[in-house]
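What follows is the residue order along each chain.
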Amino acid sequence: MAALGLCRAFGALLLSAAPRRARPPVLPPGPPPWLSGPVAAACRGLGGSAPRCTTDPLWKCRVKYTVRPIGMKKTGGRDHTGRIRVRGIGGGHKRRYRMIDFQRLRYEEGAPPEPFTEKVIKVRYDPCRSADIALVAGGNRKRWIVATENMQPGDIIKNSSHIGRMAVSANEGDAYPLGALPVGTLICNLESHPGKGAQYIRAAGTCGVLLRKVNGTAIVQLPSKRHMQVLETCVATVGRVSNVDHNKRVIGKAGRNRWLGKRPHTGLWHRKGGWAGRKIKPLPPMKSYVNLPRVRAAE
Amino acid sequence: MAVAMAAGPVALRRAGAAARGLTRGILTRAGRPRHRGPLPRTPWTTRGPPPEVLARVVERRPVRKQVELDTITCAGRLHHIPGLAWPRFPPWDRGWHDPWHSPGPRYEEMPLYKERGCYICHQGVRMLEGVRQAQWLTKTKLVEGLPLSVQSILDNPAHGLQEHEERVKDAISHARFWDTREVAPKRERFCPVLFEDLIHLCRLMSRKYPALSKRMLARNYRIAATWERESVLLQVRGLNGILMNSMAPIPPVASKEEILATKEHVLETFHPILPTIDLQEVNVYKELNDTGFRDGYPYSHPHTLFFLESAIICPDRFRPEQLRAKMLMFAFGNALAKAKALYGNDPKVLEQPIVVQSIGTDGQLFQFMVFQLNTTDLVSNDGIKNLVWIDSDQKLYETAQCVPKIKKRVVVKPVGIHGFQPDTFKKFLALYLHGTV
């Protein structure tokens, strides 16, 4: 359906000097009326801006990557049945979702799987997360990534998958596999399996520490002081995540929490049970995402 | 409290279509059915293991679900029976070609599909690196300021550029204040009105120089120009702006020495960004060179291209740097198409360079550009390059106050045009007169 609109657009490009013929009735400019929402926005092509929000529940299911922000539909904590699944969510400022590429080592189509560099175009606020995001451009494509602490527009950052015998002296913002980094570096945007995409250490100001590297795996300390063992080919970004003073901000008033989309707690007084209060426990055991053979269990 | 009757979905769609102005025979079709249930699994909605691991997991489906092994399915029974596998039904075939439901041909099956991709610059392309990127793509050397021939028209008092100041102020007031019944007209109104008024003022000079009447404005014409640049195929296509054609071409602006001096100039690249970033890559294209006008059209030479940024919302308008890049690309496209029409498709250095001017504005800021096409040999990075003179960010006026600015009951800024600069209109007029005077 979308291809039909695209075919029409390309047909118009090709018929620039063709002799005049009886043409079929022309639709008004813009996508055909039966296309709705994001599909229409995709067909609009030249010069349209993306909507500020959308009523389409499938806004998240876009497969093609784009740098332009996508209108979001707020759930209010409701699930697909319509009942509240998570309390305390609702209202707040409208947000547009910028598709962040958490897989730093994503090669362009047609590009060889070699280390490549990218240039930071701008660093900006993202309403959907506590960290700032950076628009980087390399080759023929642009993408959004989570910015690190001292990232400025104009910086060149490197993404590499090569693990050498010597550890690399990594600059902040570069992405290397854990096996190539020296022990003790501060890292962020860590992935648990190679190629999965970063799922750990993404919040503002957080950083993990690479503790040690042991035969093909690396052990990282997460911001919660928990230890995590992953394969050394997992890629992580060097440095702390941006927006370091995020935890020092003062909300100031109830209204600011409402702008953030948080609804108030119930005011009913509950007697607190055993779950409340400070707990002092030993650290949980190290989490291993490596399928080691049973003979040598993870340390 | 008045209670509005809840209108059904079909009535709502008809009302929407009527509001958009389509009032004859509105065919309402069912839109997308309301999605119920959990979201489909896409890479952006799942947090599972990476696709390779997922594929390995999928193969270990329970044996009951693998239809290839099970020959007894519940297909004939018309309802699910626990213990029998669910059959895999073939996708439903309508039996006839329904144009509103058929997906259309794939790119690979289209007749104009080519393996080699082509990068197209159209009117919606906003270049990341701006003029530097456009310079690399068109093999051009940049010179700041307007060329000497235009400067001489500016400095020559015989052209009478001074008398027009009052008329220009009237034109700005007409566009910005008088053209509406509301407080202030929107940009998509005042930008074209200002352009029309300034063109009218320029045309008044044809009483003094009769050759100026041999000009014609053209809108909504499509340009097509193809060239190759270091093993990358590039095209400029589509609607661009308002073109003023003339019967006689503009004489070359740069001297022979300047043209030969461009041989030493080195085009700047911006590693790690490729110069084709932001251009639309297509595999279905036609290598076409077309000026947009048929042979035998009396006004055959492109003179000036006008770009009006008249979108109301700020993000829809081009930034000045992006506008200058667009002006350069389309001036080059028009010049190249004309060169190929006159001298053929072979790449060569032109004996008679082709000059195309370009003016871009958003109603307040003006960008002036003069482009000279010296060569159609664009494959290599060496050799003679084309030349462009750019005069950027010329304000015609600072502000146009529609309502007086009042602070603490004192009028700080009265109504009217503030910060009027007559030089900008003089440059506009000089570019109009260039080539004839």
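Parameters and conventions
- Residues numbered from 1 in each chain as written.
- Chains lettered and ligands numbered in written order.
- Predicted model: local features only at pLDDT ≥ 70, side-chain atom pairs only at ≥ 80, totals over all residues.
- Heavy atoms only, no water.
- UniProt positions renumbered as here; feature names shortened; annotations may be inferred.
- Helix = DSSP H or I, 4+ residues; strand = E, 2+ residues; numbered from the N terminus.
- Buried < 20%, exposed > 50% of the residue type's maximum accessible area, 1.4 Å probe, protein only.
- Contact = heavy atoms within 4.5 Å.
- Areas by Shrake-Rupley, 256 points an atom, 1.4 Å probe, with all protein chains shown as cover.
- Pairing = 2+ DSSP bridges.
- Axes fitted to C-alpha atoms, helices over the stretch in contact; angles between N-to-C directions.
- Parallel < 35°, antiparallel > 145°, perpendicular 65-115°, else oblique.
- Left-handed = near helix turned anticlockwise from the far one by under 90°.
- pLDDT = per-residue confidence, 0-100.
- Nonpolar A, V, L, I, M, F, W, Y, C, P; charged D, E, K, R; others polar.
- 1 Å grid on protein atoms, 1.4 Å probe; cavity = no way out; pocket = protein on both sides within 12 Å on 5 of 7 lines; lining within 4 Å.
- Points joined across faces, edges and corners; volume = space filled by probe spheres on them.
- Expected span 1.5 Å × (residues − 1).

Per an unreviewed UniProt entry, chain B goes by the name Large ribosomal subunit protein mL37 and belongs to Pipra filicauda. In its Sequence similarities (unreviewed entry) section, the UniProt entry covering chain B states "Belongs to the mitochondrion-specific ribosomal protein mL37 family." Its UniProt record, at the heading Subcellular location (unreviewed entry), says of chain B: "Mitochondrion".

Per an unreviewed UniProt entry, chain A goes by the name Large ribosomal subunit protein uL2 and belongs to Pipra filicauda. UniProt, in the comment section headed Subcellular location (unreviewed entry), describes chain A in these words: "Mitochondrion". Turning to chain A, the UniProt annotation filed under Sequence similarities (unreviewed entry) states: "Belongs to the universal ribosomal protein uL2 family."

Caption draft 1: Layout of the overall build of chain A. Counting secondary structure elements, chain A contains three helices and 13 strands. Going through the 299 residues of chain A one by one, you find that 32% of them count as buried. Put simply, 58% of the contacts in chain A that link residues at least 6 apart link residues at least 24 apart. In the form shown here, chain A has an accessible surface area of approximately 18000 Å², with 55% of it arising from carbon and sulfur atoms.

Caption draft 2: Broad picture of the sheet that holds strand β3 (residues 215–218) of chain B. All names here are of chain B. Taken in spatial order, the seven strands line up as β2-β11-β10-β9-β8-β6-β3 in an open sheet, and their pairing is mixed. Looking at strand neighbours, the two that pair on one side only are β2 (140–144) and β3, the edges of this open sheet. Within the sheet, the average angular offset between the axes of one strand and its neighbour, ignoring direction, is 20°. As defined by bridge partners, strand β6 (residues 242–246) adjoins strand β8 (residues 301–308) across five bridges and the pair is classed as antiparallel. Within β8, the position partnered with Asn245 by the bridge is Pro302.

Caption draft 3: Representation of the packing of helix α3 (residues 131–138) of chain B against helix α8 (residues 320–343) of chain B in the model. Residue and element names in this part refer to chain B. At a minimum axis separation of 8 Å, α3 and α8 run at an interaxial angle of 15°. The orientation of α3 with respect to α8, classified from their angle, is roughly parallel. Of the two possible hands of crossing, α3 and α8 adopt the one that is right-handed. Mapping the contact onto sequence places Val131, Ala134, Gln135, Leu137 and Thr138 in α3 and Glu321, Arg324, Ala325, Leu328, Met329 and Phe332 in α8.

Caption draft 4: Highlighting the confidence of the model for chain A. Residue and element names in this part refer to chain A. In the predicted model, chain A carries a mean pLDDT of 84, and 81% of its residues have values of at least 70. The low-confidence segment residues 7–48, where pLDDT is below 50, has 44 contacts with residues more than four positions distant or belonging to other chains. Within the model, the stretch residues 295–299 combines pLDDT values under 50 with seven contacts to residues more than four positions away or in other chains.

Caption draft 5: Molecular detail of the packing of helix α6 (residues 187–203) of chain B against helix α9 (residues 422–433) of chain B. All names here are of chain B. Remark: α6 packs on α9, axes separated minimally by 10 Å, with the N-to-C direction vectors making an angle of 60°. Compared by their axis directions, α6 and α9 come out oblique. Taken as a pair, α6 and α9 cross one another with a handedness that is right-handed. Residue-level contacts link Leu198, Ile199, Leu201, Cys202 and Arg203 of α6 to Phe425, Phe428, Leu429 and Tyr432 of α9. Among the residues forming the contact of α6 with α9, the class breakdown is eight nonpolar, no polar and one charged.

Caption draft 6: A look at the UniProt feature "domain: Large ribosomal subunit protein uL2 RNA-binding" (unreviewed entry) in chain A. Cross-referencing UniProt, the feature "domain: Large ribosomal subunit protein uL2 RNA-binding" (unreviewed entry) maps to residues 77–159 of chain A in the present numbering. When the span residues 77–159 of chain A is considered, its composition is 0% helix and 35% strand, and the gap between its end C-alpha atoms is 37 Å.

Caption draft 7: Main features of the environment of Leu212(B). Residue and element names in this part refer to chain B. Within the secondary structure layout, Leu212 lies in the loop between α6 and β3. The exposure class assigned to Leu212 is buried, which follows from its relative accessible area of 2%. With residues up to four places along the chain from it excluded, the contact list for Leu212 reads Met205, Ser206, Tyr432, Leu433 and Thr436.

Caption draft 8: Spatial organisation of empty space enclosed by the protein. All names here are of chain B. In total, this model carries five cavities of 30 Å³ or more according to the counting rule given. Of the volumes computed, that of the largest cavity is approximately 60 Å³. Lining the largest cavity are Cys191, Leu194, Phe195, Leu198, Phe306, Phe307, Leu308, Ile359, Thr361, Gly363, Phe366 and Phe428. A per-class count over the lining of the largest cavity returns ten nonpolar, two polar and no charged.

Caption draft 9: Here's a closer look at the environment of Val67(A). Residue and element names in this part refer to chain A. Following the sequence through the fold, Val67 ends up in the loop between α2 (37–44) and β1 (70–71). Considered as a pair, Val67 and Arg143 are 76 residues apart in the sequence and their alpha carbons are 5.9 Å apart. Among all residues touching Val67, those that are not within four sequence positions of it are Leu135, Lys142, Arg143 and Trp144.

Caption draft 10: Structural view of unusual backbone geometry. The omega torsion of the bond from His271(B) to Pro272(B) falls at 5°, within 30 degrees of zero and hence cis. Examined against the element boundaries, Pro272(B) turns out to sit in the loop between α7 (256–261) and β7 (280–284). Positive phi, close to 55°, is recorded for Ile201(A), a residue that is not glycine. As for its placement among the helices and strands, Ile201(A) is situated in the loop between β8 (186–188) and β9 (208–214). A positive phi angle, near 65°, is found at Ser231(B), a position not held by glycine. When you line up the elements, Ser231(B) lands in the loop between β4 (222–229) and β5 (232–239). For Ser231(B), a relative accessible area of 55% corresponds to the exposed category.

Caption draft 11: Focus on α9(B). All names here are of chain B. Under the 1.5 Å per step criterion, the end-to-end length of α9 is 17 Å for twelve residues, consistent within 8% with the ideal 16 Å. Burial within α9 is extensive, with ten of its twelve residues counted as buried. Taken together, the buried positions of α9 are occupied by Thr424, Phe425, Lys426, Lys427, Phe428, Leu429, Ala430, Leu431, Tyr432 and Leu433. Looking one or two places after α9, you find Gly435, whose phi comes out positive at around 105°.

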